[in-house]
Each structure stands twice: as structure tokens, then as C-alpha cells.
Amino acid sequence: MKTYDVAIIGSGFSGITCAHYLKEEGIDNFCILEKNNSLGGVWAHGGVGSYPGAACDVQSYTYLPFLDETGFIPSKRYVSQSEIADYAELLVDHFDIRKHIKFLQKVVGLEYVDFGKWRVEVTNLENETRTEIFAKHIVCANGPLSSPRMPEFGGMEKFKGESFHTAEWDQEANLKGKKVGIVGTGASAAQVITTIADEVESLTVFQRTATWAIEREDQPTPPDIIDAFKAGGYSSKLRYVDWKGEYPPDPNLPFTFDQLHDKDWNSAVCDLLSERIKKDVDDPEVAKLLTPDYPFFCKRVLIIDDYFTTFNKDNVHLVNDPGGVVAVNENGLEMSSGDLYELEVIIYATGFDAGLIPFPVTGKNGVTLADKFGASVENNFQMIEPKTLWGLHVNDMPNFYMMVGPQSLNPVTNVTLLCEEQGKYIAKLVSTMKLDDKNEVEPLEEAVKIWTDKCNVSSEGKIWLQCNNWYMKGTKDDESAGRSRSKAMWMESHESYLNHLLGGAEGHQDELLKFS
């Protein structure tokens, strides 16, 4: 049975980035296990981001990695899902990574079986056969937003019409001229709402909580930016993170991390955005219902054009019920208020199980990742109490690394920047271990405790504690089910995270890791 130096799970930007840096370090005996038949993770063709209107809400010039290396110039400021997926395909070919990728291979289990050896159980989705491979190092790059979260009310199977989650969009569905309902007002919902409103007979938006939104002001990439890309170095300049604090703050940033958590600054932004909603929405009562009552960025902010003005259309209706949908019947949705809404299509835009452990991971002495991270049947296997070092290492899990894992990022971090630094870190570590003839690495228990304690208090004084949100696993469904708030996020700045990971703010590798 084939044994690899490294097995990477997932071919989104984290997996691709790690693979690139492994090759740069001279590590070529690795594989990437991908359950889809295309690349890009959340953005893959036919993946969880393949719904109408899907686009990245971070500017493409800073979101897409390695633009200087590939020479690719994004077509516009906020590129669509299909362009991102195509770029992922271009990226693996540019860096000669495709030969390492095994498509339609779904990982169903990981087990540490011997010194420096992991067994990876894989289902081949082409023929449903079960196989296994072995690897010295495991990189979990499966992403935090890959498992759709269905709503927790009953009767969905009774509905006679079409229904699906945005992350499992029915590409054969024809919405034209139909009565459509969409449950949710998060990022995916907003993109679908603004895209399909003119196509359907009626669109009923079921809102439980209003959402802040700011305009993209999207436009094709202008000539001056095209020239900057062609001159070289433009992407690297935009993506540079001054974690050492060597330069003055960038005056072009819309806000700083500290401003976001400043009560007066945040309140002034909320006032400004509230006035914009009043101007955008014709009906004062609808405008009031669309205005959030929590701080800016306490929940994920929509970066989208024409969201609020869409509710001026005669065929678009807002249903604001704090109790939300309570059941589905044959003809539509039942609300907590007792109101019934007849529909032909129901779209569930209810997000993801962020932090879900999608397969069992068993380390030394039978210890499981679920046990270590407080995941159980009762909390839908959510990682609500992770214990890591830098969100990368877990003790009792030698040579096991998580990318974009818990305790490594805050809600306003550009994820691909994190991917880049973590990918470099893992590749360098694997390479150094090979040169030094080391077979295993894991964090010291005390190092994990110190980092976990820092993460657990990092949300204090932050806006993210001032509303229900998925960052803290404090959605209303979680709250009503009696689930504990999560401690899974690093709620300080990205710069401060890198100061720990790269700068050794409270200890370097040789002090916090044990090698054997």
C-alpha cells in the first residue's frame, strides 16, 4: 500500500497553497485527496458555492493568492465563483500540482497506527469502494465552511415542491415564474436574493435577524490596476501583512481592528448605515425591519450591491418573524406567529456547520479529536472547546496539522493570507524534520494549555460577544437547544496571530514542540 510523506485533505486554496510550498521545500511524495471532481474547495465547480450570484466578498486583488506568480489578472473587483474555481485550476497547473491530486476521494477516517504513521480511510465516490493509504504527515485542509447546516425544524420531507440548501443547489431547478421562498438573510441568501428576484413570480424572504450590508461598488478591473499587475509585485504589495509593526498603518484600509471594537466608532458607522437603509428602502416599515440592532460586524457583514433596494420590487416580500419558521408542510412554511406561506420552491440559506469534524480522527492511545475538542452528539459534533497550539497542532496527534482550523483566525481575517502563512509553516516544518532525521512532532501539553487559555479570553471586549453569531456558535438555534458558546476562534488581530506563529511571541518551535 502506498505510503506518502504528506497526505493533504482538500484542494481549496489552503490545500493548494500547502502543496505549492511542499514542492518548494523539495517534498514531492505527497497526495491531495479531494472529494469533488474539481478544485477550489468552497468555490469548486459544482461545490457548495455553486449557487446563483455566488461571489467572494473580499476584493479579488487581495483574495486570490499568487497572482504575481501566475500573471492572472482578475476580471473585476469582486470575482464570481466560476472565475475563482477556474483560477484554482490554473494555479495547480502553473505549480505542477495536478499530478498529486486524487479526485472523488472522500476521507472517512484518520487513525494514528504507528510511530510516524497515519492510516487514511478513503471512499472512492466513483465506485463506492473503500481503500486506505498511509502517510507520515496529515494536513487537514478541508475548510471550515464545507458542511451545509440544515434548519432544525420538522416536516421538510412533506413539502410537495422543490427544496434545497444553497450549498447543494439543484442545477436543474427552474425558478422562472414560480413562488419562491428563501430562509435566511446571510451572505449566500443575499447573493441569491439579488440574483433571482427578477426571474421569479414572487420571492418571499424569511428573516429572523436583520443584517448589515455595505456596497461593493463592483466594477471591471480598471486600466490603472491592470497596468499595476503587469508591472509586477502589485498582488504581493496588497497581500503584505506587517505583523512586525515596521511601517505606519495603511491609510487606505476602511477601518482598523481596534476601530471595529471601539464603541463610539462602531456606533457612528451603524448610524450611517441605518440612514442609508432608510434612503434605499421605499417602505419605512420594511426599512426598519431590515435595520440590525447589533454592532457593525458582530455578525458577518454583507458586501453586496443592491441588497436593500431589491426589497422595493413589487414581487419581493419580507417576512420578519423573530421566532422564525417552525415547520414545513405540504404547501410551504409555518411561522411561529401562526402565519402560513404557500410556496412552490423553498431555498434554505441557513449556512454551514462551521467547525464540524467531518470524519473521525483517532490519535495516540485511542484519543479522538472529538473528545479533545468537546464535540459530541449533543452539540452536533461542533468543535466548541478546541485545544491546540496556534490552531495548527494538537497534542496526542503527532504530525497532524489543521489549516484554517479553530483558534487560528478572527472573523475579519482574509482567509487566503492565513492559508499562505500556515502552508509555508507546515512545509518548512516537514522539510526541516526530514533533514534533521526527526519522525514525529507534537505540541507540549503546557503550550496547548497556554494558547487555548489565550484564545478563550481573546473575545473579551470584542463586538462578537454582543449578538448571536456562528463565530461563537451562539446562533438562536444553538441557544434554544442549550448548546454552549464556542471557544473556537482567535479573536485578536491577524497580525498578533502571526506574531505568535512566526515571531515566537511566547515561545518558538524548539520551546513549544517536542520532536522524536
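Residues numbered from 1 in each chain as written. Predicted model: local features only at pLDDT ≥ 70, side-chain atom pairs only at ≥ 80, totals over all residues. Heavy atoms only, no water.

Moving on to the overall build of the protein chain. In terms of regular secondary structure, the protein chain is built from 16 helices and 20 strands. Taken against the 2.2 N^0.38 rule, which gives 24 Å for 516 residues, the C-alpha radius of gyration of the protein chain at 23 Å falls within 12% of a compact globule. Counting only C-alpha atoms and orienting by the principal axes, one finds that the protein chain spans roughly 70 × 55 × 40 Å. Residues classed as buried in the protein chain amount to 54% of the 516 residues present. For the protein chain, long-range pairs separated by at least 24 residues make up 70% of all intrachain contacts whose partners lie at least 6 apart in sequence. For the protein chain, the exposed surface amounts to about 22,600 Å²; the carbon and sulfur share of it is 48%. Mean positive and mean negative side-chain charge positions of the protein chain (49 and 78 charges, respectively) differ by 3 Å. (Helix = DSSP H or I, 4+ residues; strand = E, 2+ residues; numbered from the N terminus. Rg over C-alpha atoms; globule rule 2.2 N^0.38 Å. Buried < 20%, exposed > 50% of the residue type's maximum accessible area, 1.4 Å probe, protein only. Contact = heavy atoms within 4.5 Å. Areas by Shrake-Rupley, 256 points an atom, 1.4 Å probe, with all protein chains shown as cover. Lys, Arg positive; Asp, Glu negative; His and termini not counted. Charge placed at Lys NZ, Arg CZ, Asp CG, Glu CD.)

Turning to the packing of aromatic side chains, a few remarks are in order. Tallied over the full model, the rule gives 25 aromatic pairs. Aromatic pair phenylalanine 257 and tryptophan 464: ring centres 6.1 Å apart, planes at 50°, arrangement tilted. In this pair, phenylalanine 257 sits in helix 8 (residues 257-260) while tryptophan 464 sits in the loop between helix 13 (445-457) and helix 14 (476-480), placing the two residues 207 residues apart along the sequence. Residues phenylalanine 257 and tryptophan 464 agree in their burial class; the two are buried. By way of ring pairs, the aromatic residues Phe13, Trp43, Tyr63, Phe72 and Tyr87 are connected into one cluster. The positively charged end of lysine 117 is found above the aromatic ring belonging to phenylalanine 134, 4.6 Å away from the centroid. The positively charged end of lysine 299 is found above the aromatic ring belonging to tyrosine 294, 5.9 Å away from the centroid. (Phe/Tyr/Trp six-rings, centres within 6.5 Å; stacked < 30°, edge-to-face > 60°. Lys NZ or Arg CZ within 6 Å of the ring centre and 35° of its normal.)

Along the chain, serine 459 falls in the loop between helix 13 and helix 14. Owing to a relative accessible area of 7%, serine 459 belongs among the buried residues under this scheme. Residues in contact with serine 459, not counting those within four places in the same chain, are Leu465, Met472 and Met491.

Scanning all chains against the criterion turns up one disulfide. Residue cysteine 298 pairs covalently with cysteine 467 via a disulfide, S to S 2.1 Å. Because the sign of the S-S torsion sets the handedness, a value of about -115° for the bond joining cysteine 298 and cysteine 467 places this disulfide among the left-handed ones. Taken together, the residues cysteine 298 in the loop between helix 10 (284-289) and strand 11 (302-303) and cysteine 467 in the loop between helix 13 and helix 14 connect sequence positions 169 residues apart. In this structure cysteine 31 is a free cysteine whose sulfur lies 12 Å from that of cysteine 18, the closest cysteine sulfur available. (Disulfide = S-S within 2.5 Å.)

Taken in spatial order, the five strands line up as 7-16-8-9-12 in an open sheet, and their pairing is parallel. At either margin of the open sheet sits one strand with a lone partner, and together these are strand 7 (162-165) and strand 12 (316-320). Taken pair by pair, the neighbouring strands of this sheet meet at an average axis angle of 15°, ignoring direction. As paired elements, strand 7 and strand 16 (residues 345-348) share four bridges and run parallel to each other. Bridge pairing in strand 16 links serine 163 to isoleucine 346. Here helix 5 (residues 187-196) sits on the sheet in contact with strand 8 (179-183), strand 9 (202-207) and strand 16, set at roughly 160° to strand 8. (Pairing = 2+ DSSP bridges. Axes fitted to C-alpha atoms, helices over the stretch in contact; angles between N-to-C directions.)

Below, the discussion takes up unusual backbone geometry. Within the chain, aspartate 96 stands out as a residue other than glycine whose phi angle is a positive 55°. Inspection of the secondary structure assignment puts aspartate 96 in the loop between helix 4 (81-94) and strand 3 (101-102). Residue aspartate 96 is classed as partly exposed on the basis of its relative accessible area, which comes to 40%. The backbone phi angle of phenylalanine 297 is positive, close to 75°, even though this residue is not glycine. Inspection of the secondary structure assignment puts phenylalanine 297 in the loop between helix 10 and strand 11. On the accessibility criterion, phenylalanine 297 (11% relative accessible area) is buried.

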